[in-house]
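# Tertiary structure, described
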Amino acid sequence: MSWETMIGLEVHVQLGTRSKMFCGCSTSFGDPPNTNVCPVCLGLPGALPVPNEQAIRLAARGALALGCTVHQRSIFARKNYFYPDLPKGYQITQFDRPLSTGGRFAIESAERGAIEVTIERLHVEEDAGKSLHDRIPGKTAVDLNRAGVPLAEIVGGPDLRSPAEARAYLTTLRRLLVYAGVSECSMEKGSLRVDANISVRPAGRSALGTKTEIKNLNSFANVERALEAERARQQALLEAGGTVEQVSLTFNAATGQVRPMRSKEASHDYRYFPDPDLPPLVLSREWIEDTRAELPELPAARRARLASGFGLTAYDAGVLTSERVIADYFEAVAASGADSKSAANWIMGEAMTGFNETGRFAVTPARLAGLIALVAEGIVSHQAAKKVYVDMAASGGEPRDVAVRLGLVQVRDEGALAGWVDEVIAAHPREVDRYRSGETKLLGFLTGQVMKRSQGKADPKGALPALQRRLEGQ
Amino acid sequence: MGARLAAASGLNATLAWSGEALAAEAARADAMPARGALHGVPVAVKDNIVTVEQPSTCGSRILAGYVSPFNATVVERLRGAGALIACKTNLDEFAMGSSTEHSAYGRVLHPLDPERVPGGSSGGSAALVAAGVVPAALGSETGGSVRQPASFCGIVGIKPTYGRVSRYGLVAFGSSLDCVSVFGRTVSDAEGVLAVISGLDPLDPTTADRPPLEPQSPPASLAGTTIGIPREYFPADLHSGVKAACDSVIATMKELGAKVVDLSLPHAGYAVPTYYIIAPAEAAANLARFDGARYGARQPADGDVRALYRATRGKGFGAEVRRRILVGTYVLSAGYHDAYYNRAQAARARIAEDFTRAFASGVSYLFTPTTPTPAFKAGEKTDDPVAMYLADIFVCSANLAGLPALSIPIGRFEGLPVGGQLMAPPFAEAGMLAAAALLERHLDSTREVSP
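Residues numbered from 1 in each chain as written. Chains lettered and ligands numbered in written order. Predicted model: local features only at pLDDT ≥ 70, side-chain atom pairs only at ≥ 80, totals over all residues.

### A word on the overall build of chain A
From N to C terminus, chain A includes 17 helices and 16 strands. The C-alpha atoms of chain A give 31 Å as radius of gyration, which overshoots the globular expectation for 474 residues (23 Å, by more than 25%). In terms of overall dimensions, chain A has C-alpha extents of about 100 × 55 × 55 Å along its principal axes. Here chain A, with 474 residues, has 39% of them falling under the buried criterion. Taking contacts inside chain A between residues at least 6 apart in sequence as the whole, the part at least 24 apart equals 67%. (Helix = DSSP H or I, 4+ residues; strand = E, 2+ residues; numbered from the N terminus. Rg over C-alpha atoms; globule rule 2.2 N^0.38 Å. Buried ≥ 20, exposed ≤ 12 C-beta atoms within 10 Å, placed from the backbone. Contact = placed C-beta atoms within 7 Å.)

### Thoughts on the domain arrangement of chain A
Structurally, chain A comprises domain 1 (3-287), domain 2 (297-405) and domain 3 (414-471). One C-alpha centre belongs to domain 1 of chain A, the other to domain 3 of chain A, and the line joining them spans 68 Å. (Domains from an automatic or database assignment.)

### A few points about the sheet that holds strand β6 (residues 179-184) of chain B
Residue and element names in this part refer to chain B. With mixed pairing, the eleven strands of this open sheet are ordered in space as β1-β3-β2-β4-β6-β5-β10-β11-β9-β7-β8. Either end of the sheet is taken by a strand with one partner, and the two such strands are β1 (14-16) and β8 (259-263). Taken over all neighbouring pairs, the strand axes of this sheet differ in orientation by 35° on average, direction set aside. As paired elements, strand β2 (residues 42-46) and strand β4 (residues 136-141) share three bridges and run parallel to each other. (Pairing = 2+ DSSP bridges. Axes fitted to C-alpha atoms, helices over the stretch in contact; angles between N-to-C directions.)

### As for the interface of chain B and chain A
Across the boundary between the two partners, chain B contributes 33 residues, which contact 24 residues of chain A. For the side of chain B that touches chain A, the secondary-structure elements that each account for two or more residues are α8 (271-286), α9 (305-316) and α10 (319-332) of chain B. Considering each element in turn, the side of chain B that touches chain A owes the most residues, three residues, to α8 of chain B. Along the lines of polarity and charge, the residues of the side of chain B that touches chain A split into 19 nonpolar, eight polar and six charged. (Nonpolar A, V, L, I, M, F, W, Y, C, P; charged D, E, K, R; others polar.)

### A closer look at the nonpolar core
With 212 residues, the main nonpolar core has A59 and A196 of chain A together with V43, F183 and L422 of chain B as its most contacted residues. Of all the elements, α8 of chain B adds the most residues to this core, at ten residues. Listed in part, the 33 residues of the second largest apolar core include V333, V363, L371 and M392 of chain A. (Core = buried A, V, L, I, M, F, W, Y, C linked by C-beta atoms within 7 Å.)

### Regarding the pairing of strand β5 (residues 90-94) of chain A
Look at any regular strand and the pattern is simple: side chains alternate between the two faces of the sheet. All names here are of chain A. Summarising burial for β5: four of the five residues are buried, a large majority. As defined by bridge partners, strand β4 (residues 76-80) adjoins β5 across five bridges and the pair is classed as antiparallel. Of the residues in β5, the one forming a bridge with N80 is Y90.

Structure representation (structure tokens):
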């Protein structure tokens, strides 16, 4: 039997604010436990939340980047449950009146090509603290630095048909949110978290299968692996005549297995109701349009503009726009006067190696443009330029200075060139005779010998004619 | 001040105070560069309003000894105006009650009759003002918890418009209803305190950005004022002493030139049931934070964190608080949410519309009895929660509708004070207070009424 897989993802991203959702405490990551706290995020008696406007703005920006409608009126709600890392005994979130609904964007599916996926809603909420089970033997410690950190919860529609599509969805979603300046989207720092819903059904049937939810996935690769494991588990169950139970699961990255969470962790009656401490969130049409106008150019538009405006291939434009910083760097190099195709090649080649290691570009756009110009002018060879680049990345010098210091400036001086040509002709009399008797393809070999004698410094544009003149007997 | 507090100790109205703290308060006020509007005026503060200098227990074992790291906005404003925080006052636990019998620290006695209750939940503050210990005190209202004890104790109680006074530092009970409110011996005393504490607070997003409350001098008459008398507040079985006192006020209003009109607030009967769904629902969430994990009294427990919660909350909360948490959890739970919470919200909207319609018809203020009876005896209603809840039948509508309202003493029946209530449109406190001050001048509040 063939099976159809239905996957929908719920993604939480940390909104990139300096302060928390409802108080002025810092959101900085990695500080000592319980140092970024105050009466509000500790839930002390009498403290009240005050919404962070910047968090609302970033959430609205994210919603607009995902094609959602941002509503002029939305409502904060309390989600009630007891847990030691939840200081108030409820989380402030949004429930039946979220900030935004109904988005869509395109992703590239390996199986189905370009497909459109939907966003059911994007709403704002506060994060809980962190329970640390390994700090104090036999006890649980609580760190409330994260409590009250602003989040956007993004609920995707059940549009994905494979674990690979789920991964493609996450990659595209992250790119959009990073481009729009909404979130850093770093899974390592916990600023992007994924829960995945999956069900399977016999191909062609319209009724949905029972879904399960895999919680707290910690990397895009593990989202894909966990979904593959769960798809296989559900299919095996159904093929054996069993039924899938609606459960929450966790994924063990070490074993590649999913296992059900204890039912206590999974089943809650959250008793949502509007938070009476917070008036309805009312946004004017102008505010929403201002926020839309602030949106930077998004990846698809930028890819199209780079391809047409700079004459790049679709592939190159795609690589250069895969991250906003890469595209920014490319445009800065081009703006410094570099030929756009050379700039693209340099960035996708030498520069990308360093970027992938360090997450930043070590050579300023102006210096990379300067180096490209030195190659174009024939002042350094392409091979030599790679050495200059490596040195610049480490030393931070100007391209011409580095080329001079490394002795990589090409020699055009006719006397010097003639000297190297004479040496080659003297050293290779047999090849010179064969050339003169019509074996002209030996010109390449002899030119190579000139370059070798000059230790690569001879400018080929000068060396070749000088060699030819001597060979023709002038 | 200290001597007066000590002399009144038999009322069990105070929770935390000390002579040294009082001296420090006085020295602080004297050292201020300019004399504030309340320079040197001692003000007692209900113990669900947090203060740095004294513990804030909310009358609960679960917060025994809890000291807040910050002052409530209203406390900051009082001190900024030169007032002295005289003491913290006893209350029904977490402000849940109508008699100040539900305190973990014992009941408060009525200053005129120790057998009776002072009303509640702000009974400690009311008793201290009535006993002449302080000229004014802060209480809080969720469903009449200042006006009802003001009526029982024969003093003035003002509940402002929701949003007029910051709730920052008021320990939440029913957040959409809670208002810091004021007791005074006279309208003027209470008004002076209200003017100081009112106004926008960036720490409370539910405060309103309105011009400050400016105390007005009372008008010469009530000419041009229309007083509405909602018939639902004068049922046939209304206590005869209360009815007689109200009738004489209505006669005085007419003598002062007011036009008095009969009218109907048809949804008035839904106020108590609506209140007892919405307030507990919000309370159940608001009190979830008292779990022994971070502060307050933690009960020892073997087992997992749930055992800790059970022990701490089971032993830390009194019976009335537990009852309301259970009710509040129930009315929000899956399957009952629509039938209770959502319908209560719809009823609340109807109750508010009744008032909007009345005021839109040209009525300036509404006049009603504050309570159905004078102060009752201690123990009389403690075994019958519904009878206790009905003590708030005339006061809780103003909380549901967010309206300003006040109670002034209008006479005595068998020696016990009777209170009359004025209710006004949102943010119309100034006019309502001026009218109340004029009535105060023309009423002998200690006169025995004869039905």
